[in-house]
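# Descriptive structure summary
Spelled out from the first residue to the last, the chains are:
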Amino acid sequence: MRRTLRRAVCLRGRGLFSGRPCVVRIHPAAAGSGWQWRVARRWHRLSPAHAAPLPHRARLRAEGDELVLPEHLLAALVIADLDDVAIEVPGGEVPILDGSGLPFAQALRHAGCRADSAALDVSVTFEGRTARWTGGWRPTQARTFIDLGAARAQRALFRGADASTALVRDGAHRALGARGHRLSHEPAWHKLVDLLGDLGPWRALGPLRGRIHAANPSHDRTPDQIRRWLADGSLQHTLSLAA
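Residues numbered from 1 in each chain as written. Predicted model: local features only at pLDDT ≥ 70, side-chain atom pairs only at ≥ 80, totals over all residues. Heavy atoms only, no water.

### Considerations on the overall build of the protein chain
Put simply, the test is: Per the convention used, a helix needs a DSSP run of H or I reaching at least four residues, while a strand needs a run of E reaching at least two, with both numbered from the N terminus. Just to be clear, the radius of gyration here is over C-alpha atoms, and the globule rule we use is 2.2 Å times residues to the power 0.38. Buried residues are those whose accessible area, probed at 1.4 Å on protein chains only, stays under 20% of the maximum for their type, while exposed residues exceed 50% and partly exposed ones sit between those limits. Two residues form a contact once any of their heavy atoms are found within 4.5 Å. All accessible areas in this document rest on Shrake-Rupley with a 1.4 Å probe, and a residue is counted as covered only by the protein chains that are shown.
Scanning the protein chain for helices and strands turns up six helices and 13 strands. Against the globule reference of 18 Å for 243 residues, the protein chain gives a C-alpha radius of gyration of 17 Å, in line with a compact fold. Counting only C-alpha atoms and orienting by the principal axes, one finds that the protein chain spans roughly 50 × 40 × 30 Å. Among the 243 residues that make up the protein chain, the fraction classed as buried is 53%. In the protein chain, 70% of the contacts between residues at least 6 apart in sequence involve partners at least 24 apart. Only carbon and sulfur atoms are counted for the fraction: they give 49% of the accessible area of the protein chain, which is about 11000 Å².

### Quick notes on unusual backbone geometry
With a phi close to 55 degrees, Leu97 is a non-glycine residue in the positive phi region. Within the secondary structure layout, Leu97 lies in the loop between strand E7 (85-88) and helix H2 (102-110). Positive phi, normally seen in glycine, also occurs at His185, with a value near 60 degrees. For His185, a relative accessible area of 33% gives the class partly exposed.

### So, the sheet that holds strand E9 (residues 129-135)
Working definition: the strands of a sheet are paired by backbone hydrogen bonds and lie parallel or antiparallel to each other. Put simply, the test is: Between any two strands, at least two bridges found by DSSP are needed for them to pair. Between N-to-C directions, angles span 0 to 180 degrees; the directions come from axes that are lines fitted to C-alpha atoms, helices contributing only their stretch in contact.
In space, the four strands of this open sheet follow the order E9-E8-E12-E13, with mixed pairing throughout. The outermost strands of the open sheet, each flanked by one partner alone, are E9 and strand E13 (235-237). Across the sheet, the mean angle separating the axes of adjacent strands is 15 degrees when strand polarity is ignored. Judged from the six bridges that link them, strand E8 (residues 117-126) and E9 form a sheet pairing that is antiparallel.

### Let's talk about the side chain of His219
By the secondary structure assignment, His219 is in the loop between strand E12 (208-215) and helix H6 (222-232). Of the residues examined, His219 reaches a relative accessible area of 5% and is grouped as buried. Beyond its immediate chain neighbours, meaning those up to four positions away, His219 contacts Pro53, Leu54, Pro55, His56, Arg57, Ala58, Glu71, Asp194 and Asp198.

### Looking at the environment of Gly206
Tracing the chain through its elements places Gly206 in the loop between helix H5 (200-203) and E12. Considered as a pair, Gly206 and Leu239 are 33 residues apart in the sequence and their alpha carbons are 4.6 Å apart. For Gly206, the contacting residues outside a window of four places in its chain are His237, Thr238 and Ser240.

### Here's the deal with the pattern of salt bridges
Note the cut-off: In the sections that follow, a salt bridge refers to a side-chain nitrogen of Lys or Arg positioned within 4 Å of a carboxyl oxygen of Asp or Glu.
Per the stated rule, a full pass over the model turns up 14 salt bridges. In this structure, Asp83 and Arg203 form a salt bridge, with 2.7 Å as the shortest nitrogen-oxygen distance. Here Arg203 lies in helix H5 and Asp83 lies in the loop between helix H1 (71-80) and E7, a separation of 120 residues in the sequence. The buried category is assigned to Arg203, whose relative accessible area is 2%. Of the charged contacts in the structure, one is a salt bridge between Asp98 and Arg182, with a shortest N-O distance of 2.7 Å. A residue pair is termed long-range when its members are at least 10 positions apart, and Asp98 in the loop between E7 and H2 and Arg182 in the loop between strand E11 (167-169) and helix H4 (186-198) qualify at 84 residues. Assessed through its relative accessible area of 15%, Asp98 is described here as buried.

Structure, rendered in structure tokens:
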């Protein structure tokens, strides 16, 4: 039986890169329609061909339309293991919210989604620490992170960033501010969330299973790594829709 949301949900916030107000609406979809997205009038059925990542963010592109920063939302959809969903982002940028996938996970839970034990076993090593996921919402708590020096140097790139949208660290990688870490080795967990989001265009076509590990992954390198995992059998794909 195919899985979708029970009801639509909407999240509003600020764009990390544009600094402008952003909105994303997530709708139930008809069985067999797959994962669909749109930023204007035209709907696109998500596929790996749409993955066009940049070093600091995921990006989807299709027929002249572009959607930036979808990775935290896509990670939550992968964790929920949905088969059919429709995503509307009128401004072309998914809001950063608190810098994690947690608001999307909470919205999906409100919409009736579960995070059962997964057929995937995914681990990431980053800065000498390893995070591993085999199911459940826990990884979505991890926020995007940045060192204070880099944040100051790249202020023009991250127009919508402030202390509420990321884990900010000092030069020794210690958390700054009163909030501290949500999870032990939170940056490694966030890298895992980003990897799950990057798997989204493949999950959109059918369930994934297997055991995969990535060391120091980045958005721009991950699509090629996913193809290598599929080629060597570490990752298996059950296609339920044509690419």
